[in-house]
Amino acid sequence: DKGTTTFLLFDEIGLAEQSPHNPLKILHQLLEDPKIPFVGISNWNLDAAKMNRMVMHFIPFLGHCDLINTATSIVSTKLFSDQDITKMITVYEKIIGCKADAFSPNGNKHFFGARDFYAL
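Residues numbered from 1 in each chain as written. Predicted model: local features only at pLDDT ≥ 70, side-chain atom pairs only at ≥ 80, totals over all residues. Heavy atoms only, no water.

Comments concerning helix H3 (residues 64-74)
Link 1 in the chain: All buried positions along H3 are accounted for by Leu-67, Thr-70 and Ala-71. Looking straight down H3, one finds its buried side chains confined to an arc of 95°; they lie on one side. Counted as exposed and oriented over 90 degrees from the buried face of H3: Cys-65, Asn-69 and Ser-73. (Buried < 20%, exposed > 50% of the residue type's maximum accessible area, 1.4 Å probe, protein only. Helix = DSSP H or I, 4+ residues; strand = E, 2+ residues; numbered from the N terminus. Arc of directions from axis to C-beta.)

Structural data, given as structure tokens:
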């Protein structure tokens, strides 16, 4: 079908960046083929040499009011009360406000991002 575009999605491509086996270097030849478009999603920046062939879309941290508006638009108020939503936001804010070594894998302070909040 000419109306369909197929692409390869790397969810949390930053994990490949952290690997000692350097899988992005191995995949580099495959990703150079323009027949295979790909999208890489990550909570942190990759090495600049690996980012030179892409467009980076940065989503800044959400403020408290933004988190409330986002949560109330995602979840049904029939399932969660305003108090429940506020509790979830409080937990999320505590996690992202912690020092890098407290909750963050690999010591990366920005490991948790907006995608994690949406999933919560």
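A short note on the packing of H3 against helix H4 (residues 82-97)
When two helices pack together, their arrangement is given by the angle between the helix axes and by the axis-to-axis distance.
Link 1 in the chain: Contact geometry of H3 with H4 gives a least axis separation of 10 Å together with a crossing angle of 130°. Here H4 runs oblique to H3, going by the angle between their axes. The chirality of how H3 crosses H4 is right-handed. Where H3 approaches H4, its residues His-64, Leu-67, Ile-68, Ala-71 and Thr-72 are matched on the opposing element by Ile-85, Ile-89, Tyr-92 and Glu-93.
Link 2 in the chain: In terms of residue class, the contact of H3 with H4 is built from six nonpolar, two polar and one charged. (Axes fitted to C-alpha atoms, helices over the stretch in contact; angles between N-to-C directions. Parallel < 35°, antiparallel > 145°, perpendicular 65-115°, else oblique. Left-handed = near helix turned anticlockwise from the far one by under 90°. Contact = heavy atoms within 4.5 Å. Nonpolar A, V, L, I, M, F, W, Y, C, P; charged D, E, K, R; others polar.)

A short note on the nonpolar core
Link 1 in the chain: Residues Leu-67, Ala-71, Ile-85, Ile-89, Tyr-92, Ile-96 and Phe-117 constitute the largest nonpolar core, which totals seven residues.
Link 2 in the chain: When residues of this core are traced back to their parent elements, those giving at least two are H3 and H4.
Link 3 in the chain: Among the elements that take part in this core, H4 stands out by supplying four residues, more than any other.
Link 4 in the chain: Non-local contacts of Leu-67, meaning those with residues more than four positions away in its chain, are made with Leu-62, Ile-89, Tyr-92, Glu-93 and Phe-117.
Link 5 in the chain: Phe-10, Ile-13, Ala-16 and Leu-24 belong to the second-largest nonpolar core, a separate cluster that totals five residues. (Core = buried A, V, L, I, M, F, W, Y, C linked by side-chain atoms within 4.5 Å.)

Quick look at the packing of aromatic side chains
Link 1 in the chain: With the rule as written, the count across this model stands at one aromatic pair.
Link 2 in the chain: Look at Tyr-92 and Phe-117: their rings are 4.9 Å apart centre to centre, the planes differ by 50°, and that puts the pair in the tilted class. In this pair, Tyr-92 sits in helix H4 while Phe-117 sits in helix H6 (residues 114-119), placing the two residues 25 residues apart along the sequence. Assigned by exposure class, Tyr-92 and Phe-117 land together as buried. (Phe/Tyr/Trp six-rings, centres within 6.5 Å; stacked < 30°, edge-to-face > 60°.)

Brief notes about H4
Link 1 in the chain: Under the 1.5 Å per step criterion, the end-to-end length of H4 is 22 Å for 16 residues, consistent within 8% with the ideal 22 Å.
Link 2 in the chain: Where H4 is concerned, the buried positions are Ile-85, Ile-89, Tyr-92 and Ile-96. Burial along H4 is one-sided: seen end-on, the buried residues are contained in an arc of 65°. The exposed set on the far side of H4, more than 90 degrees from its buried face, consists of Gln-83, Lys-94 and Gly-97.
Link 3 in the chain: Buried residues along H4 sit in contact with H3 and H6. (Expected span 1.5 Å × (residues − 1).)

What about the confidence of the model for the chain?
Close reading of the predicted structure is inappropriate where its pLDDT is low.
Link 1 in the chain: Per-residue confidence for the chain averages 75 on the pLDDT scale, and 72% of its residues sit at or above 70.
Link 2 in the chain: Element-level mean pLDDT values for the chain span from 54 in helix H5 (residues 100-103) up to 89 in H3. (pLDDT = per-residue confidence, 0-100.)

Describing the environment of Asp-11
Link 1 in the chain: Here Asp-11 is to be found in strand S1 (residues 8-11).
Link 2 in the chain: Linking Asp-11 and Ile-41, residues 30 residues apart in sequence, is a C-alpha distance of 5.1 Å.
Link 3 in the chain: If we ignore the near neighbours within four places in the chain, the residues touching Asp-11 are Ile-41 and Arg-115.

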